[in-house]
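Read off the chains here:
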Amino acid sequence: LQVLSALKRSKQTLAQCTQDITLFPQTLINVRVPQEFDWEACQLLRAEKQQVEKELQGEGRVLIRASGTEPLVRIMVEARCAQKAEQMAQRLVATFPVREEALSA
């Protein structure tokens, strides 16, 4: 309803409002971790995330978040090139100090 309301206010179609949006390929990897694992406290992971964001140079994004329902940390990398997104996501997974297994989603 919010989208419809915004479209009505703008007097534009959804296609017109979204014509400048560029969608990039994404890679999502779920990493199984111990229940108490706090990824934000892991300096190595935070440093690698900053490095990946720097390498993307504004041409993509990185999202790391804990699952709200499972003992998982979800890593999503979006980049112009699917192969680059996959490689960067794998780099982030490799920095986890403790993990049970990585599950691609």
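This text gives an overview of the structure that appears in the document. (Residues numbered from 1 in each chain as written. Predicted model: local features only at pLDDT ≥ 70, side-chain atom pairs only at ≥ 80, totals over all residues. Heavy atoms only, no water.)

**What about the overall build of the protein chain?**
Consideration 1: Helix and strand counts for the protein chain stand at four helices and four strands.
Consideration 2: Along the chain direction, N to C, the helices and strands of the protein chain fall in the order α-α-β-α-β-β-α-β.
Consideration 3: Burial status across the protein chain gives 31% buried among its 105 residues.
Consideration 4: Sequence separation of at least 24 residues holds for 66% of the intrachain contacts in the protein chain that already meet a minimum separation of 6.
Consideration 5: For the protein chain, the accessible area works out to roughly 7200 Å², and carbon and sulfur atoms hold 50% of it.
Consideration 6: For the protein chain, the distance from the average site of its 14 positive side-chain charges to the average site of its 13 negative ones is 9 Å. (Helix = DSSP H or I, 4+ residues; strand = E, 2+ residues; numbered from the N terminus. Buried < 20%, exposed > 50% of the residue type's maximum accessible area, 1.4 Å probe, protein only. Contact = heavy atoms within 4.5 Å. Areas by Shrake-Rupley, 256 points an atom, 1.4 Å probe, with all protein chains shown as cover. Lys, Arg positive; Asp, Glu negative; His and termini not counted. Charge placed at Lys NZ, Arg CZ, Asp CG, Glu CD.)

**Points about the nonpolar core**
Consideration 1: Ranked by internal contacts, the top residues of the largest apolar core, which has 21 residues, are Ile64, Ile75, Val77, Leu92 and Phe96.
Consideration 2: Elements with a minimum of two residues in this core: strand E1 (26-32), helix H3 (43-56), strand E2 (60-66), strand E3 (72-79) and helix H4 (82-94).
Consideration 3: A total of five residues in this core trace back to one element, the largest contributor, which is H4.
Consideration 4: The residues touching Ile75, leaving out its near neighbours within four places in the chain, are Thr27, Leu28, Ile29, Val31, Leu63, Ile64, Ala89, Leu92, Val93 and Phe96. (Core = buried A, V, L, I, M, F, W, Y, C linked by side-chain atoms within 4.5 Å.)

**A word on the pairing of E2**
Side chains on a regular strand alternate between the two faces of the sheet.
Consideration 1: Strand direction decides the pairing type here: E2 and E3, joined by seven bridges, are antiparallel. Bridge pairing in E3 links Arg65 to Arg74.
Consideration 2: Hairpin connection between E2 and E3: a loop of five residues separates the two successive antiparallel strands. (Pairing = 2+ DSSP bridges.)

**Regarding the environment of Val33**
Consideration 1: By the element assignment, Val33 lies in the loop between E1 and H3.
Consideration 2: As a C-alpha pair, Val33 and Asp20 span 13 residues in sequence and 38 Å in three-dimensional space.

**So, H3**
Consideration 1: Taking 1.5 Å as the rise per residue, H3 with 14 residues should run 20 Å; its terminal C-alpha atoms sit 20 Å apart, in good agreement.
Consideration 2: Those residues of H3 that are buried are in contact with E2, E3 and H4.
Consideration 3: Just past H3, the residue Gln57 takes up positive phi, approximately 50°. (Expected span 1.5 Å × (residues − 1).)

**Examining unusual backbone geometry**
Consideration 1: Although it is not a glycine, Lys11 adopts a positive phi angle of roughly 60°.
Consideration 2: By secondary structure assignment, the location of Lys11 is in the loop between helix H1 (2-10) and helix H2 (14-18).
Consideration 3: Here Lys11 falls in the exposed class, since its relative accessible area comes to 74%.
Consideration 4: Backbone geometry places Gln57, a non-glycine residue, at a positive phi of 50°.
Consideration 5: You can call Gln57 exposed: its relative accessible area is 67%.

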